[in-house]
Amino acid sequence: MALRSLLDSLDAALLIDGQGGAFDSILSLMRHADERFALMSLARAISTNPLWTKMDSACLVGRVHPVLLLAAFGDFSRDESERLKDLSTLLHRFSCRHRYIDYFAAEAAAENLAKMLMMRFGKEALRHFRFTAIPRGGWIILGMLSYILNLRPEQLIAERSGGGPDFEALVIVDDCALSGVRFRQFLGKIDDAKVIFCPLFAPAELCRAIEDAEPRVEACISAENLYDFAPERLGEGYSQWCAAQRERRGSYGYWDGIPEHIAFSWCEPQTKYWNTETERYEASWNLVPPQLCLKQRCSAGNPELADEGGLDGLTLVADGPGPLRVADRVLWTQIDSAIAVARMPEDAARTTPCFRLEGTAADMWRCVLEHGTLEGAESALLLRYDVEPVTLRHDLAAFVSDLENNGVLTRR
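Residues numbered from 1 in each chain as written. Predicted model: local features only at pLDDT ≥ 70, side-chain atom pairs only at ≥ 80, totals over all residues. Heavy atoms only, no water.

**Regarding the sheet that holds strand E2 (residues 11–17)**
One open sheet accounts for 5 strands, arranged E14-E3-E4-E2-E18; its pairing is mixed. One side of each edge strand has no neighbouring strand; the edge strands of this open sheet are strand E14 (314–317) and strand E18 (351–353). Averaged over all pairs of adjacent strands, the angle between their axes in this sheet comes to 25°, without regard to strand direction. Two elements, strand E3 (residues 59–63) and E14, share 4 bridges in a ladder whose sense is parallel. Bridge pairing links Gly 62 to Leu 316 in E14. (Pairing = 2+ DSSP bridges. Helix = DSSP H or I, 4+ residues; strand = E, 2+ residues; numbered from the N terminus. Axes fitted to C-alpha atoms, helices over the stretch in contact; angles between N-to-C directions.)

**Some remarks on the state of the cysteines**
Defined simply, a disulfide is a covalent bond joining two cysteines at their sulfur atoms. Tallying each qualifying case throughout the model produces 0 disulfides. Cys 207 takes part in no disulfide bond, and the closest cysteine sulfur, belonging to Cys 220, lies 3.4 Å away. You can see Cys 354 has no disulfide; the closest cysteine sulfur is in Cys 59, sitting 8.4 Å from it. (Disulfide = S-S within 2.5 Å.)

**Describing the pairing of strand E9 (residues 217–220)**
Of the strand pairs in this sheet, strand E8 (residues 195–202) and E9 are connected by 3 bridges, and their pairing is parallel. Looking at E9, one finds that Ile 196 is bridged to Ala 219. The parallel pair E8 and E9, bridged by helix H9 (residues 204–213), forms a crossover whose chirality is right-handed. (Right-handed = clockwise from strand over helix to strand, strands pointing away.)

**Describing the packing of aromatic side chains**
The final tally for this structure, using the stated rule, is 9 aromatic pairs. With centroids separated by 5.5 Å and ring planes inclined at 75°, the aromatic side chains of Phe 121 and Phe 129 adopt a geometry described as edge-to-face. Per residue, the accessibility class of Phe 121 equals that of Phe 129, and both read buried. Taking 4.8 Å as the distance between ring centres and 15° as the angle between the ring planes, the aromatic pair formed by Phe 264 and Trp 266 counts as stacked. Within the aromatic cluster, the residues linked to one another by ring pairs are Tyr 103, Phe 201, Phe 264 and Trp 266. Cation over ring: Arg 184 sits above Tyr 254, and NZ or CZ is 4.2 Å from the ring centre. (Phe/Tyr/Trp six-rings, centres within 6.5 Å; stacked < 30°, edge-to-face > 60°. Buried < 20%, exposed > 50% of the residue type's maximum accessible area, 1.4 Å probe, protein only. Lys NZ or Arg CZ within 6 Å of the ring centre and 35° of its normal.)

**Some thoughts on the side chain of His 261**
Within the element layout of this structure, His 261 appears in strand E11 (residues 261–264). Since its relative accessible area comes to 3%, His 261 is described here as buried. At a separation of 2.6 Å, a polar atom in the side chain of His 261 contacts the side chain of Glu 268. In contact with His 261, not counting residues within four places along its chain, are Leu 90, Phe 94, Arg 97, His 98, Arg 99, Glu 268, Thr 271 and Trp 285. (Polar contact = N/O pair within 3.5 Å; in protein donor to acceptor, adjacent residues only side chain to side chain. Contact = heavy atoms within 4.5 Å.)

**Considering the confidence of the model for the protein**
Of the residues in the protein, 88% have a pLDDT of 70 or more, and the chain-wide mean is 84. This model gives residues 1–7 a pLDDT under 50, and the stretch forms 20 contacts once residues within four places in sequence are excluded. (pLDDT = per-residue confidence, 0-100.)

**Quick word on helix H13 (residues 360–371)**
Here H13 contains 12 residues, and its C-alpha end-to-end distance of 16 Å stays within 8% of the 16 Å for a straight helix at 1.5 Å per residue. Restricting attention to buried positions, one finds in H13 the residues Ala 361, Ala 362, Asp 363, Met 364, Trp 365, Cys 367, Val 368 and Leu 369. In the segment just after H13, Gly 372 is the residue with positive phi, at about 80°. (Expected span 1.5 Å × (residues − 1).)

Listed below in structure tokens is the structure:
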């Protein structure tokens, strides 16, 4: 029985390919050494995202051994395909380099930022500065700074309240800056003549761009620099890409780059991507699971991690007991009464059509995977179907042979 394309054009979009150890960085982000747990945590992060909840027909399918894979199965519109492409790109960037900042790491960075401020301006000068923050993450960092620098209560302001002669500059604090859009908006609401911007994490190029663009900004100081992927990722097309980015952002932001992804214990900053279909910037994905991020945990209703039975919305493919098994790069899941099967490519094409098995073929599939041998599958099927053993044996052998020829099943 030949595999047939699904009538509803179901596709499988490859999101993560752990071949060559690319998943190691994702494991570190999930803060767990167990690959199965990490894959489930990543699936939890994706499935609790508002972008995912809009995909009614989508489901996640993954496997851990021998190659760690994660894909989205669904009948995707062009807009949904663009979102999944962005998710795949973001996950690939994650696997190259990322930052997860817990409270202890944030405290250490805040201490470093305080030292940099004291070295630049001196302890006595800081007594004549006022401090404020860009909501909401900035207030967490400013709280830490207020203890480290021993700031007086009157030095901390929530809104523009008019300064007196004792205050010489306004220090604006944030947990991170990726393009400078939020800082530009905040700066437009104040009239202080001397401003110092202190994002805890930011690309060095962005800090320089802000200093060059804003006469009122005396200094832009970050505790740690974020790496910019754009030059190496875009290669010879980097200059052309920068020109296109400048035209798209217009008067928003100060800098065009692709900074390494960063997330905090309290929040994962909202990133955006350029949707070529709609020709506008749209919200991108969150990748940190709820158990590692307060905002995601609250947004997801404080979900508990899935138990050993699995995670709702995620199918985990596992090897069966016998020599007959699913090929290394094959993923499958049940869609209604049919079985959707996809053989994930290794080349640049990251989306592949699914095939369906239904009726007797679906039962054969389940029995073959459950028992791992033709004999075991035959015995199980004879209990379900009133058919001559010789006929069933012939049909089952032909079915398995067809799957092997299509690279779906293999033998150990």
